[in-house]
Amino acid sequence: MARTATPSPTRPYHHGDLRRTLIEAALALVTEKQDWTFSLREVARHAGVSHNAPYNHFAEKQDLLIAVAAAGFERLRDHMRTAVRGIAAADEALLASGKAYIELALENPALYRLMFGPALAKSKGGRPAEARAAGNDTKIVLGEIILRGAQSGAFAVSPDDPLDQAKAVFFAWSVVHGLTMLLLDGFAEAELTIEDLVEEIERTVLKGLTPR
């Protein structure tokens with residue numbers, strides 16, 4: 001299941017689309033190199049623009065990396081939405097969204113670590129606003145599933161209490177994120193397949209949400 005995604009060719013630059021072109025070039029480099037130690041000059045070369053072009057939109061490399069992380073969250077959101085499309089039962093949708101989440105992380109570990117790791121954290125521990133907003137948009141997918149389960153009675157969560165729903169979202173996300181990091185860091189038991197681990201952990205999450 002774990003593999004390094006092959007970066008798609010960067011689209012040719014078109015006037016007025018420089019910012020997106022640079023973000024896509026940086027995304028491709030993160031995917032190809034599985035790190036983000038490249039320079040803005042290298043991003044410009046990969047995008048096929050002048051070495052000064054990135055500064056039209058990004059004052060420094062950190063600003064570009066924040067935009068890359070935000071794009072990563074957008075990919076994750078879209079991947080999860082695609083995975084749950086057409087699934088009526090909230091519990092099955094939760095399983096599908098969790099599998100999609102882990103799948104995308106394992107396909108591009110460096111991008112996932114950039115999105116969630118300390119590289120973009122500010123000195124006071126906060127996350128950059130752009131990346132945080134994109135992460136919250138991704139979390140909405142999970143929130144919608146939790147709300148649907150609360151309304152149908154599939155989950156022991158109050159459909160009228162946003163705080164109760166937020167706790168359930170954080171619980172489910174914490175478990176899936178924790179498993180993802182353990183898998184990325186190579187702590188999975190050798191005798192267990194990734195598929196089995198994902199299935200068992202997600203079933204445990206469902207047990208925690210199921211009315212007793």
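Preceding block: the structure.
Here the structure is a predicted model, which is why all the values come from computation and not from measurement. (Residues numbered from 1 in each chain as written. Predicted model: local features only at pLDDT ≥ 70, side-chain atom pairs only at ≥ 80, totals over all residues. Heavy atoms only, no water.)

*Asks:* Requested: an account of the packing of helix H4 (residues 90-107) against helix H8 (residues 194-209), with residues and values cited.
*Replies:* Running from amino to carboxyl end, H4 crosses H8 at an angle of 140°, the nearest separation of the two axes being 10 Å. If you check the angle between H4 and H8, you find them oblique. When the axes of H4 and H8 are compared, the crossing they make is right-handed. Residues Asp91, Glu92, Leu94, Leu95, Gly98, Lys99, Ile102 and Leu106 of H4 form the contact with H8, whose participating residues are Ile194, Val198, Glu199, Glu202, Arg203, Val205, Leu206 and Leu209. Partitioning the contact of H4 with H8 into residue classes produces nine nonpolar, one polar and six charged. (Axes fitted to C-alpha atoms, helices over the stretch in contact; angles between N-to-C directions. Helix = DSSP H or I, 4+ residues; strand = E, 2+ residues; numbered from the N terminus. Parallel < 35°, antiparallel > 145°, perpendicular 65-115°, else oblique. Left-handed = near helix turned anticlockwise from the far one by under 90°. Contact = heavy atoms within 4.5 Å. Nonpolar A, V, L, I, M, F, W, Y, C, P; charged D, E, K, R; others polar.)

*Asks:* Give me the lowdown on the packing of helix H1 (residues 18-33) against helix H2 (residues 40-47), citing residues and values where you can.
*Replies:* Each packed pair of helices is defined by two parameters, the angle between the axes and the distance between the axes. Two elements in contact, H1 and H2, have axes whose closest approach is 9 Å; the angle formed by their N-to-C orientations is 105°. When the axis of H1 is compared with that of H2, the two are roughly perpendicular. Two secondary-structure elements touch here, H1 through Thr21, Leu22, Ala25, Ala26, Ala28, Leu29, Glu32 and Lys33 and H2 through Glu42, Val43, His46 and Ala47. Here the contact of H1 with H2 is composed, by residue class, of seven nonpolar, two polar and three charged.

*Asks:* Run through the side chain of asparagine 108, naming residues and quoting values.
*Replies:* Here asparagine 108 shows up in the loop between H4 and helix H5 (109-116). There is a polar contact of 2.7 Å between the side chain of asparagine 108 and the side chain of threonine 31. (Polar contact = N/O pair within 3.5 Å; in protein donor to acceptor, adjacent residues only side chain to side chain.)

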